[in-house]
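Breakdown of the fold
The residues making up each chain are set out below.
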Amino acid sequence: QVHLVESGGGLVHPGGSLTLSCVQSGRRFSDYAMGWFRQTPGNKRKLVAALTWNGHTTLYEDSVKGRFTISRDNAKNTLYLQMNSLKPEDTAVYYCNALVDYAETYYVTVDDYWGQGTQVTVSS
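The notes below deal with the structure included here.

**Details of the overall build of the protein chain**
Across its full length, the protein chain holds 0 helices and 11 strands. Tracing the protein chain from N to C terminus, the helices and strands come up as β-β-β-β-β-β-β-β-β-β-β. Radius of gyration (C-alpha) of the protein chain: 13 Å, near the 14 Å computed for a compact globule of 124 residues. Over its C-alpha atoms, taken along the principal directions, the protein chain stretches across nearly 40 × 30 × 25 Å. Taken over 124 residues, the protein chain has a buried fraction of 43%. With the model as given, the accessible surface of the protein chain reaches about 6200 Å², and the carbon-plus-sulfur share is 50%. Looking at the protein chain, you have 11 positive and 11 negative side-chain charges, and the mean spots of the two groups are 2 Å apart.

This is how it looks when you write it as C-alpha cells:
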C-alpha cells in the first residue's frame, strides 16, 4: 500500500513562509516525478509545482513562480515545498503525489491514492 504523508502546514500571515514536507512509502520514490497540488472547497485539485525523478527539471504554476520552490531528497523519500511571500489566495489543502505526465494545466498521477493533505491558511 502506498502511503503519502504531508506535513508542515499551518496558519501564517500574508508575506510569511512555510515549508511543506511529503514522505512517501510503499513505492520506490525515485522512480517518479513528484508534484505538489492544492485544493480549495468546491474546486478541482490543481498542480502547483512538479519536478522530475532526479530533480533536474521543475515546473510551476504561474501564480507561484518566484515564490515557491519544489525540491526532493530521494535518500529520504521526501518531497519539499518551500513557500515564501504567501498570499491569502494560497490558502488551500496541499497534497503530494507521483506523476507520470504533467504540464502547467494538466497532470496524470501514478494512481488515485491521495494522502490526508496539509492545510495552509494565509490570513491576517
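**A look at the side chain of Arg 27**
Residue position: Arg 27 is located in the loop between β3 (18–25) and β4 (33–39). Assessed through its relative accessible area of 12%, Arg 27 is described here as buried. One polar contact links Arg 27 to Asp 111, side chain to side chain, over a distance of 2.6 Å. With residues up to four places along the chain from it excluded, the contact list for Arg 27 reads Val 2, Tyr 32, Asn 97, Ala 98, Val 110 and Asp 111.

Here is what the cut-offs are and how they apply
- The written sequence of each chain sets the order in which its residues are numbered from 1.
- This being a predicted model, a pLDDT of at least 70 is required before a residue's local features are given, and a value of 80 or more before pairs of side-chain atoms are given or counted; all residues contribute to the totals for chains, interfaces and linings.
- Only heavy atoms go into the side-chain values, all of them from the structure, while hydrogens and water stay out.
- For the purposes of this entry, the term helix denotes a DSSP run of H or I that reaches at least four residues, the term strand denotes a run of E that reaches at least two, and both are numbered from the N terminus.
- Atoms counted for the radius of gyration: C-alpha only. Globule rule: 2.2 Å times residue count to the power 0.38.
- Residue burial is assigned from relative accessible area. The probe radius is 1.4 Å, only protein chains are included, and a residue is buried under 20% of its type maximum, exposed over 50%, and partly exposed in between.
- We get accessible surface area from the Shrake-Rupley algorithm with a probe of 1.4 Å; when it comes to residues, only the shown protein chains can shield them.
- Asp and Glu count as negative and Lys and Arg as positive, but His and the ends of the chain are not part of the count.
- Taken as the charge location is NZ of Lys, CZ of Arg, CG of Asp or CD of Glu.
- In protein, a polar contact requires one atom able to donate a hydrogen and another able to accept it; more generally it is a pair of N or O atoms within 3.5 Å, and residues adjacent in sequence count only if both atoms are side-chain atoms.
- Contacts are assigned to residue pairs with any non-hydrogen atoms lying within 4.5 Å of each other.

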